[in-house]
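Here is how the chains run, residue by residue.
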There are 2 protein chains.
Amino acid sequence: MADDDPLSDVGEHAFLDALCRRLRNGQGRFSLRIAIGPGDDAAVVWPSGRPLVMTTDALVEGVHFRSGWLSPAELGARAALVNLSDLAAMAAEPTNALLAVTAPSSFQARQLDALIDGCAAALAEHGAALVGGNLSRSPLLTLTLTAIGELHGEPLRRDTARPGDRLFVSGTLGDASAALSFLLRDERPPEVLRSRWVSPTPRLELARRLAGAGVRTGLDLSDGLLVDTGHLCRASGVGARLRLDHLPLSAAVRALDGRGVGFAIPGGEDYELLLAVSPQLVERITGIARDLGTPLHEIGEIIEGSKVELMGEDGRPLGPVEGFDHFHQAEVRP
Amino acid sequence: MADDDPLSDVGEHAFLDALCRRLRNGQGRFSLRIAIGPGDDAAVVWPSGRPLVMTTDALVEGVHFRSGWLSPAELGARAALVNLSDLAAMAAEPTNALLAVTAPSSFQARQLDALIDGCAAALAEHGAALVGGNLSRSPLLTLTLTAIGELHGEPLRRDTARPGDRLFVSGTLGDASAALSFLLRDERPPEVLRSRWVSPTPRLELARRLAGAGVRTGLDLSDGLLVDTGHLCRASGVGARLRLDHLPLSAAVRALDGRGVGFAIPGGEDYELLLAVSPQLVERITGIARDLGTPLHEIGEIIEGSKVELMGEDGRPLGPVEGFDHFHQAEVRP
């Protein structure tokens, strides 16, 4: 088959045969844990007897990305990374994944190869193997990845935050949504922002180390700081206070929006960890973050109640916000 | 929220909160194997130390079904059943599943509830729990289910057929594609055919018992007898001979098409098992099928070479067919 043939010419089965051979060849380092890899009705993997963590997330053309925003390889990698971030948010170690793709028949075999290879490479970089999947025709390009991981200790949960816990976030906030603001205007974002949207960093090692140190509560920021803090509060039956002047902002975000509140608070898809940490663990976890070279910033605290309060730079509250469905971006712009 | 509100009014998070509560409440009997169920970043399940089998399959509106062909509950159940059939084809015991749905914002909360409940109920009927998933907006309704199972012995593989093996199929062939032929003409199929397309029977118990008896080779018929026999042959490096007059046909299919070759040979989505069985096991497996009350018919044999031969009722070959990409339905109509 010629690589730039559309899928309708190559045929699903010829394409899948070639793909399975390629994926199996790349799985030497995983072979002890894969009894049957791609190509059979299902994959057989051999876990080590630990609890398994499983998650699924979809990227839909026209909803999560537009044609042209990402190369096929970047798109495949992004499908892997956003799911690995969910495994990180459970303190799990990734092991395997399945990728279900729907694509128009005009999609080229070469593009699909690049997409799947990009996905497999991103998984492999974090210790996981692509062991199977599904390919369907559809007018829309969608990627639905299911990732499986093992738990080597206690997980990070959403329902264990307690009043008095300090709130920490890894990395910086708002970069991905700042990048999106360019993309939505059909402009190329500055590369430093674009790469943060295209290739989020699943905080796998940080999460495992923190969970090992006794941190019990955390999630990854996919819907935005305000919404995800609301999720944490609702699951734990608590409220939270976020300090605007403590939000970690990259220089690129700060250059666009001095206090970052247009991007850092409502903006989704940062895939950083939000952690609720009991005060006696604070010194230990900042030490772990320093060891790993991963920025970790205290941005607020868990309080009694059920509201998420935003504190301005002057220490004045900006008013409570109850959650996503009642949330309008303008409300958090002081 | 009112049940007939569109999803855009109910809001993703309010819907998911209610859904997670409902799913968790239904999981009493699975609770020993579920450490964290729906609602966190990912689910944590506790397998029993056996090899795990995982598979994913998608149903796409306009490709696999049209609006109106299936109720939301039937659609959700079908997503479960076609994946459970893949687990059956590995002789695995289903344990857990994740469901990723994309739906237009006009889709009603009530419809989505019915869809997910239908999926969870079909899984529960076969011993598996819905432990998580994903919900995205999209112009198209799609369901991508990922099912996980455990292997209690050897799996059924595709690459272990040997010349001399006898080919068996469970159930009857062509019912689903006969039903589809009505649906594609916007006619209601006879109920006996419709139910075979809407609710395929994953042959889980039969597969596990046969694998336990020493059968090593099998797959489920999703693409159609001819195409799937080709898959088996290609994976095993063998050929096959199928006997037209041995194909098991339901009375309903026979009434539409005397020899069933219009439906039974090319028709997909039967989700019956195709098995290659060494001759010394034949007596044992027919006994098992009789015990279970599941029809099992010998329909041909594995031969040297790489071709799938069709033998007519008079014992005359109808000519070799090499596979799907070269396959045209007219070719197998004698």
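Note that the coordinates shown come from a computational prediction; the quantities given were computed from them, not determined experimentally.

What counts, and at which threshold
Residues numbered from 1 in each chain as written. Chains lettered and ligands numbered in written order. Predicted model: local features only at pLDDT ≥ 70, side-chain atom pairs only at ≥ 80, totals over all residues. Heavy atoms only, no water. Helix = DSSP H or I, 4+ residues; strand = E, 2+ residues; numbered from the N terminus. Rg over C-alpha atoms; globule rule 2.2 N^0.38 Å. Buried < 20%, exposed > 50% of the residue type's maximum accessible area, 1.4 Å probe, protein only. Contact = heavy atoms within 4.5 Å. Lys, Arg positive; Asp, Glu negative; His and termini not counted. Charge placed at Lys NZ, Arg CZ, Asp CG, Glu CD. Pairing = 2+ DSSP bridges. Axes fitted to C-alpha atoms, helices over the stretch in contact; angles between N-to-C directions. Buried area = accessible area lost by both parts, 1.4 Å probe. Salt bridge = Lys/Arg side-chain N within 4 Å of Asp/Glu carboxyl O. Polar contact = N/O pair within 3.5 Å; in protein donor to acceptor, adjacent residues only side chain to side chain. Nonpolar A, V, L, I, M, F, W, Y, C, P; charged D, E, K, R; others polar. Least-squares fit on C-alpha atoms with pLDDT ≥ 70 in both. Domains from an automatic or database assignment. Parallel < 35°, antiparallel > 145°, perpendicular 65-115°, else oblique. Left-handed = near helix turned anticlockwise from the far one by under 90°. Disulfide = S-S within 2.5 Å.

Colleague: What is the right way to read the overall build of chain A from this model?
Modeller: Helices and strands together make up the secondary structure of chain A, namely ten helices and 13 strands. For 334 residues, the compact-globule formula gives about 20 Å, and the C-alpha radius of gyration of chain A, at 21 Å, lands near that figure. C-alpha extents for chain A along the principal axes are approximately 65 × 50 × 35 Å. Here chain A, with 334 residues, has 59% of them falling under the buried criterion. Long-range contacts, defined as pairs at least 24 residues apart, comprise 83% of the intrachain contacts of chain A with a sequence gap of at least 6. Each charge class in chain A was averaged separately, 32 positive and 44 negative side chains, and the resulting centres sit 4 Å apart.

Colleague: What am I meant to see in the sheet that holds strand S1 (residues 34-36) of chain B here?
Modeller: Two modes of strand pairing occur in sheets, parallel and antiparallel, and in both the strands are linked by backbone hydrogen bonds. Read across the sheet, six strands follow the order S5(A)-S4(A)-S6(A)-S3(A)-S2(B)-S1(B) without closing on themselves; strand pairing throughout is mixed. Unpaired on one side and paired on the other, strand S5 (129-137) of chain A together with S1 of chain B mark the two borders of the sheet. Sheet twist, expressed as the average angle between the axes of neighbouring strands with direction ignored, equals 25°. In terms of strand pairing, strand S4 (residues 92-103) of chain A meets S5(A) through eight bridges, oriented parallel. By the bridge assignment for S5(A), A:Val101 is matched with A:Leu135. Along the sheet, helix H4 (residues 109-125) of chain A contacts S4, S5 and strand S6 (142-151) of chain A; its crossing angle with S4(A), the most-contacted strand, is approximately 170°.

Colleague: Help me understand the interface of chain B and chain A, please; the structure alone is not making it clear to me.
Modeller: Many structure descriptions define interface size as the accessible area lost when the parts assemble. Tallying the contact residues gives 62 residues for chain B and 62 residues for chain A. Of the roughly 4700 Å² buried at the junction of chain B and chain A (both faces included), carbon and sulfur atoms supply 61%. Three residues, B:His13, B:Asp41 and B:Met54, lead the burial of chain B against chain A; their summed loss comes to 17% of the area buried on that side. Put simply, chain B and chain A have six salt bridges between them. Counting the contacts that link chain B with chain A gives 20 residue pairs in polar contact (both at pLDDT 80 or more). Broken down by element, the residue count for the side of chain B that touches chain A peaks at eight residues, all from strand S3 (residues 52-60) of chain B. Residue composition of the side of chain B that touches chain A, by class: 31 nonpolar, 17 polar and 14 charged. Pairing geometry for strand S3 (residues 52-60) of chain A and strand S2 (residues 43-45) of chain B, over three bridges, is antiparallel. Within the sheet, the bridge partner assigned to A:Met54 lies in S2(B) and is B:Ala43.

Colleague: Would you take a moment to explain the pattern of salt bridges for this structure?
Modeller: Close approach of charged atoms lets side chains of opposite charge pair. This model, assessed by the stated rule, comprises 46 salt bridges over all chains. Taking the shortest distance from any N to any O, the salt bridge between A:Glu309 and A:Arg241 comes out at 3.2 Å. Note that A:Glu309 is positioned in strand S12 (residues 308-311) and A:Arg241 in strand S9 (residues 239-243), a separation of 68 residues in sequence. Between B:Glu205 and B:Arg208 there is a salt bridge, with its nearest N and O atoms 3.1 Å apart. Taken together, the residues B:Glu205 and B:Arg208, both in helix H7 (residues 204-212) and three residues apart, mark about one turn of the helix. Residue class for B:Glu205 comes out partly exposed when judged on its relative accessible area of 37%. We classify B:Arg208 as partly exposed; its relative accessible area is 26%. The structure contains a network of salt bridges with shared partners spanning A:Asp175, A:Arg196, A:Arg203, A:Asp270 and A:Glu272.

Colleague: Could you clarify how one ought to interpret the relation of the copies chain B and chain A in this entry?
Modeller: Relating the two copies of this chain is a rotation about some axis coupled with a shift parallel to it. When chain B is fitted onto chain A, the two copies agree to an RMSD of 0.0 Å after a turn of 180° and an axial shift of 0.0 Å. In symmetry terms, the pair is related by a two-fold rotation axis. By C-alpha distance to the rotation axis, the residue of chain B lying nearest is B:Gly49, at 2.1 Å.

Colleague: Before we go on, may I ask you to explain the domain arrangement of chain A in this structure?
Modeller: All names here are of chain A. Each domain of chain A was delimited in the assignment, giving domain 1 (7-151) and domain 2 (166-323). Just the C-alpha atoms count here: the centres of domain 1 and domain 2 sit 28 Å apart. Taken together, the contact between domain 1 and domain 2 spans 21 residues of the former and 21 residues of the latter. Here domain 1 and domain 2 share an interface that buries about 1800 Å² over both sides, 60% of which is from carbon and sulfur atoms. Linking domain 1 with domain 2 are three salt bridges. Where Arg-66 meets Asp-186, a salt bridge forms, and the shortest distance between an N and an O atom there is 4.0 Å. The tally of links from domain 1 across to domain 2 stands at six residue pairs in polar contact (both at pLDDT 80 or more). Mapped by element, the contributors of at least two residues to the side of domain 1 that touches domain 2 are helix H3 (72-88) and S4. Of all the elements, H3 adds the most residues to the side of domain 1 that touches domain 2, at nine residues.

Colleague: It is not clear to me how the sheet that holds S3(B) should be interpreted in this structure. Could you clarify?
Modeller: Taken together, the six strands give an open sheet; going across it, the order is S1(A)-S2(A)-S3(B)-S6(B)-S4(B)-S5(B), and neighbouring strands pair in mixed fashion. Among the strands making up the open sheet, the edge pair consists of strand S1 (34-36) of chain A together with strand S5 (129-137) of chain B. Ignoring strand direction, the axes of neighbouring strands in this sheet form an average angle of 25°. Those strands touched by helix H3 (residues 72-88) of chain B are S3, strand S4 (92-103) and strand S6 (142-151) of chain B, and its axis lies near 140° from that of S3(B).

Colleague: How should I be thinking about the packing of H7(B) against helix H10 (residues 282-292) of chain B in this particular structure?
Modeller: Axis angle and axis distance: for two packed helices, these are the angle between their axes and the distance between the axes, and together they describe the pair. All names here are of chain B. Here H7 crosses H10 at 150°, and the two axes come no closer than 10 Å. One way to sum up the angle between H7 and H10 is to call them roughly antiparallel. Helix-helix and strand crossings are classified by hand; for H7 and H10 the assignment is right-handed. Side by side, H7 and H10 meet where Glu-205, Leu-206, Arg-209, Leu-210 and Gly-212 of the first sit next to Arg-284, Ile-285, Ile-288, Ala-289, Asp-291 and Leu-292 of the second. The residue makeup of the contact of H7 with H10, split by class, is six nonpolar, one polar and four charged.

Colleague: Before we go on, may I ask you to explain unusual backbone geometry in this structure?
Modeller: All names here are of chain A. In this structure, Ala-91 is a non-glycine residue whose phi angle is positive, near 65°. Along the chain, Ala-91 falls in the loop between H3 and S4. Overall, Ala-91 belongs to the buried group, its relative accessible area being 5%. The backbone of Glu-269 sits at a positive phi, close to 70°, despite the residue not being glycine. Mapped onto the fold, Glu-269 is located in the loop between helix H9 (251-256) and strand S10 (273-277).

Colleague: Help me out: how do you make sense of the state of the cysteines in this one?
Modeller: Structurally, a disulfide amounts to a covalent bond that connects the sulfur atoms of two cysteines. Using the criterion set out here, one finds zero disulfides over all chains in the structure. The structure places no disulfide on A:Cys119, whose sulfur is separated from the nearest cysteine sulfur, that of A:Cys20, by 14 Å. The class of A:Cys119 is buried, set by a relative accessible area of 0%. B:Cys20 supplies the cysteine sulfur nearest to A:Cys233, a cysteine that is in no disulfide, at a spacing of 17 Å. Look at A:Cys233 and you get buried, because its relative accessible area is 2%.

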